[in-house]
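What the coordinates show
What follows is the residue order along each chain.
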Amino acid sequence: MAKDKKTKSGEITDISKSKAKREERRKEVAKEKRNRIISRAVSFAILGFIAGVIIVFAGKNIYLMAIRTTPSTEMSAGLTADGKIEGVNVSDAVTLVDYENITITDEDVSTDEQVQKDIDELLEEYQEIDYDVSLAIADGDKVNIDYVGTIDGVEFEGGNSNNAGYDLTIGSGSFIDDFEQQLIGSHPGDNVTVDVTFPEDYQQDETVAGKDAVFEVTVNGIYKAPAFDDAFLEKNGLATEEITTADEYRASIAKKYYETNLREFLSNYIIENSTVNTYPKDYVKIMKATTKANDEATMNYYSQVFASSGMQASTNVWEMAGEDSELAYEKALVGRAQDTVKQAMVYQAIFEKAGLTIDIEAAKAEMNETNGDETYADSMIEDYGEGYFAQNAIRDAVLDYLVDRYKDPDKMPSETGETEAETDTEVGTEAETVSETETIAE
């Protein structure tokens, strides 16, 4: 009996080991299956990611292809022969600012900076050398000097002014290293030792490139502009029968700029303060095309200019326009086209509301006279079409009309050279009719 039990016990032990092996094998198979599933899932995820990238990239390209603007130089596309936008009721599409009651201040049309710039440039033409030893050279001064340059105590070619006197503007960078700065603070009659080092890549004379040089400089004098006064006008033959004083001369310059500034202010004012209710999609699309064509023409022009100087220009239109990508450029192009369309609609709306008219033949004659070419206007119409020419005439007719309403007679150019008046202007008169334009902008 005991033997049988033992045998039986041994059989049970063998069965338990076999079962354990089977269980272990089952677990291994299950683990391998899980690993295969995980590996397959990871592969699918990677493939899905790659596919997603490809789809996104392809989708972006497809989207770009769908929105990419085809450039066009058809400037009269979408316009009638008389310069109006086809199929658009601008009185409904635009809410106009109250252009009949605009308040304009002196600051809005100030000519002060322009006048002072003109006078400064005039005085610069009449600068004379001042030899006063009490004067000191300052940055920006124009001076007259003589110099002798040496390297290791030996004069070199081109380093001697030979007492001919050389005009130099301090800070212009005309001379190497800090030559000019070392003259600051010196006086007429001073002898100044200037130490410099020629650049390593000095191309004008390779024999001195990278070498230290010493210049013995004599300051001959400092150019000074004369005072702008009555005597200055008389001395230099700038006085006339109508303009005899400096104040009258200044006023005459102010009058020259006044209408230009008034015109620019009025143009900006009516555009910025009017509202577009509905943009005509077809005309916006046309303006996108012509804007892109203009951008490409600009890019090609600068490419040629840069190439002639050995420089690299933008290789695509969006970089030239300051955008990061073609997509960003196309999006920006919509806004730029809408700005152009808004201007056209505002001018056309005022033109129609004010009951203005234009004389195309008179406008053509004016343009030809302005440009000194009897065929100029016809060439423009041939290149850009009648609609574009007439659209520009509409704009100028509107601006002529507004300038006539708001101009201050005391500030307008005249033969008398009267002093500019210090007044604000607010006008609100009945509508007028303009028969012709002053100028047509290209």
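Our structure is the block above this text.
An account of the accompanying structure is given in this report.

Thresholds, definitions, all that
Residues numbered from 1 in each chain as written. Predicted model: local features only at pLDDT ≥ 70, side-chain atom pairs only at ≥ 80, totals over all residues. Heavy atoms only, no water. Helix = DSSP H or I, 4+ residues; strand = E, 2+ residues; numbered from the N terminus. Buried < 20%, exposed > 50% of the residue type's maximum accessible area, 1.4 Å probe, protein only. Areas by Shrake-Rupley, 256 points an atom, 1.4 Å probe, with all protein chains shown as cover. Phe/Tyr/Trp six-rings, centres within 6.5 Å; stacked < 30°, edge-to-face > 60°. Lys NZ or Arg CZ within 6 Å of the ring centre and 35° of its normal.

Of regular secondary structure, the protein chain possesses 11 helices and 10 strands. Relative to its 442 residues, the protein chain shows a buried fraction of 34%. Taken as a whole, the protein chain presents about 26800 Å² of accessible surface, with 49% of it coming from carbon and sulfur.

It is worth spelling out the packing of aromatic side chains at this point. Scanning all chains against the criterion turns up 16 aromatic pairs. With a centroid separation of 6.0 Å and 70° between ring planes, the pair formed by Y147 and F215 is classed as edge-to-face. Highlighted residues: Y147 in strand β4 (residues 142–151) and F215 in strand β8 (residues 212–224), separated in sequence by 68 residues. Take Y147 and F215: they sit in the same class, and that class is buried. Note on Y301 and Y302: the rings are 5.3 Å apart at their centroids and 70° apart in plane angle, and the pair reads as edge-to-face. Put simply, the rings of Y147, F156, Y166, F175, F179, F198, Y202 and F215 touch in pairs and so form one group of aromatic residues. Geometry around Y223 places K142 over its ring, the cationic atom sitting 4.6 Å from the centre.

Here D152, not a glycine, exhibits a phi torsion of approximately 55°, which is positive. Turning to its location among the elements, D152 is positioned in the loop between β4 and β5 (154–160). Unusually for a residue other than glycine, N163 sits at a positive phi of about 55°. Locating N163 in the fold gives a position in the loop between β5 and β6 (166–169).

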